[in-house]
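# A closer look at the structure
Each chain, letter by letter, is given below.
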Amino acid sequence: MKRVTLLLCAAIFTSSIAFSQQKSTKKSKTTAKKVEAPAAVKSAFEQNAQYAGTTDAAWVKTSGGNWIASFSRDSVKTAVEYNAEGAWVATRSEYLNGAVPETVLGTLKNKYPSAVVKEGWKIERADVASYYKVSIEENGAAKTVLMNDAGTIVD
């Protein structure tokens, strides 16, 4: 009986050791490789007066072969997209903390007086007129409003 009890204790002890081993939680830092856009794309970006003086642009290549330059300026996060030949495709500007332009804010306050601006983006594309997409919260309900450059709400 002592032998069975001893074998049982040994089995429990070894299995508890085996199951109690933890995987290493140490995470290695992975830094993204700095990617350089082709000369035609960088040249098109640098020649655009709107982005003149931008030195902190981070480039990423999309799965479709386009190139996106991301940077921040004056609390606006911007992503500019070009095709591989350097032709402009789109620009998306995110206004942080709901700091949308006054024309947009004025229209929102007139139409939705009790609304709180949560997020705002300006979207410019080669095939569509530029517009603003603003997320607001009015009386506890979330809503997305689209506006043109003049601040007119588009349905």
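Scroll up for the structure.
Here is a short report on the structure shown in this document. (Residues numbered from 1 in each chain as written. Predicted model: local features only at pLDDT ≥ 70, side-chain atom pairs only at ≥ 80, totals over all residues. Heavy atoms only, no water.)

## Looking at the nonpolar core
When a protein is soluble and globular, its nonpolar side chains tend to lie buried together. Grouped together as the largest cluster of nonpolar side chains are 13 residues, with contacts concentrated most on Val 104, Leu 108, Val 134 and Ile 136. Elements supplying a minimum of two residues to this core: helix H3 (102-111), strand S6 (128-138) and strand S7 (141-148). In terms of residue count, the dominant contributor to this core is S6 (3 residues). Of all hydrophobic cores here, the second largest spans 11 residues; its members include Ala 37, Trp 59, Val 80 and Tyr 82. (Core = buried A, V, L, I, M, F, W, Y, C linked by side-chain atoms within 4.5 Å. Buried < 20%, exposed > 50% of the residue type's maximum accessible area, 1.4 Å probe, protein only. Helix = DSSP H or I, 4+ residues; strand = E, 2+ residues; numbered from the N terminus.)

## Comments concerning the side chain of Glu 124
Looking at the secondary structure, you find Glu 124 in strand S5 (residues 116-125). Buried within the structure, Glu 124 lacks any salt-bridge partner; its nearest side chain of opposite charge belongs to Lys 122, at an N-O separation of 4.1 Å. With near-sequence residues (within four places) excluded, Glu 124 lies in contact with Gln 50, Trp 88, Val 89, Ala 90, Thr 91 and Ser 130. (Lys, Arg positive; Asp, Glu negative; His and termini not counted. Salt bridge = Lys/Arg side-chain N within 4 Å of Asp/Glu carboxyl O. Contact = heavy atoms within 4.5 Å.)

## Concerning unusual backbone geometry
Unusually for a residue other than glycine, Asp 74 sits at a positive phi of about 55°. Overall, Asp 74 belongs to the exposed group, its relative accessible area being 67%. Not every positive phi belongs to a glycine, and Asn 139 is a case in point at roughly 55°.

## Some points on helix H2 (residues 39-47)
Within H2, burial applies to Val 41, Ala 44 and Phe 45. Viewed end-on, H2 has its buried residues packed into an arc of 100°, placing them on one side of the element. Along H2, the residues that are exposed and aim more than 90 degrees away from the buried face are Ala 39, Glu 46 and Gln 47. (Arc of directions from axis to C-beta.)

## A closer look at the packing of aromatic side chains
Following the criterion strictly, the structure yields 6 aromatic pairs and no others. Note on Phe 45 and Phe 71: the rings are 5.9 Å apart at their centroids and 65° apart in plane angle, and the pair reads as edge-to-face. One end of the pair, Phe 45, is in helix H2; the other, Phe 71, is in strand S2 (residues 67-73), and 26 residues separate them in sequence. With respect to class, Phe 45 is no different from Phe 71; both count as buried. A ring pair is formed by Tyr 95 and Tyr 132, whose centres lie 6.3 Å apart and whose planes are at 40°; its orientation type is tilted. You can see Tyr 95 sitting in strand S4 (residues 88-95) and its partner Tyr 132 sitting in strand S6, a full 37 residues away along the chain. In this pair, the class of Tyr 95 matches that of Tyr 132, namely buried. Through a chain of ring-to-ring contacts, the aromatic side chains of Phe 45, Tyr 51, Trp 59, Phe 71 and Tyr 82 assemble into a single cluster. Note that Lys 133 overlies the ring of Trp 121, its terminal NZ or CZ placed 5.8 Å from the centroid. (Phe/Tyr/Trp six-rings, centres within 6.5 Å; stacked < 30°, edge-to-face > 60°. Lys NZ or Arg CZ within 6 Å of the ring centre and 35° of its normal.)

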